[in-house]
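Each chain, written out:
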Amino acid sequence: MSALGDVMNWTRDQVVSRVPRADLDQRDPDYIRDQLPGTWLLASLYFRADVTGLERIPAEGPVLLVGNHSGGNVPPDTFVFTLAFCSYFGVERPFYQLAHNLVVSAPPLGWLRKFGTVAANHENARLALESGAALLVYPGGDYEVFRPSWERHRVDFGGRMGYVRLARDAGVPIVPVASVGGQESALYPQPRAMAGQTAADG
């Protein structure tokens, strides 16, 4: 078991060392504006996306958006919500999403940084909120996204409550974001194991 633990620690260190440092200026409103029509078409046709209740989010200023996470390796919730947020509030409003280290360090997914995707850690979350931005976080993260299909209607953050401290320290409101249907995009038969931490972990 010790050898396995050493391998896991080494793997984690390798991934962390390759995670690009968060640069909030990498978010590109012009890029987002250009991509919105095509990506909305994809979201509407493939995921049959529908987003409601955006008027409940404060119209300006920093806010912490806390959601449940679904969909395994291809979770549609971040993708769909980002498109909806940018369409509703405009691409100029700063909006960032926290993502797993494997997502932000994968070269083919570098374009996500133009949409405001940054690595999920406390420092990046704090920087985003201090900049006056809206921030989307999934406390359940990698733990929740692979929950078995028969738990698709269950929200399970795995006991992670760091988002409460984050919002309190930053003095920002929390707005819940509920995602339905992502866990139906594939069959997830096995119980998942907690693989790491997110910025919402406490």
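This report concerns the structure included in the present document. Predicted model, so just to flag it, every value in this text is computed and none were measured.

Quick word on the packing of aromatic side chains
- Evaluation of the coordinates by the stated rule reveals six aromatic pairs.
- Centre to centre, the rings of Tyr31 and Phe115 are 5.7 Å apart; their planes meet at 80°, and the pair counts as edge-to-face. Residue Tyr31 is found in helix α2 (residues 29-46), and its partner Phe115 is found in the loop between α4 (101-105) and β3 (117-119); the two are separated by 84 residues along the sequence.
- A relative accessible area of 19% places Tyr31 in the buried class.
- Ring centres 6.1 Å apart and planes at 65° place the aromatic pair Phe81 and Phe95 in the edge-to-face group. Note that Phe81 is positioned in helix α3 (residues 76-89) and Phe95 in strand β2 (residues 95-99), a separation of 14 residues in sequence. Exposure class is identical for Phe81 and Phe95. Each is buried.
- What links up through ring pairs into an aromatic cluster is the set Phe81, Phe85, Tyr88, Phe89 and Phe95.
- In this structure, Arg93 is placed above the aromatic ring of Phe89, and the distance from its NZ or CZ to the ring centre is 4.6 Å.
- In this structure, Lys114 packs its charged tip against the face of Tyr31, placed 4.7 Å from the ring centre.

What counts as what
- Residues numbered from 1 in each chain as written.
- Predicted model: local features only at pLDDT ≥ 70, side-chain atom pairs only at ≥ 80, totals over all residues.
- Heavy atoms only, no water.
- Phe/Tyr/Trp six-rings, centres within 6.5 Å; stacked < 30°, edge-to-face > 60°.
- Helix = DSSP H or I, 4+ residues; strand = E, 2+ residues; numbered from the N terminus.
- Buried < 20%, exposed > 50% of the residue type's maximum accessible area, 1.4 Å probe, protein only.
- Lys NZ or Arg CZ within 6 Å of the ring centre and 35° of its normal.

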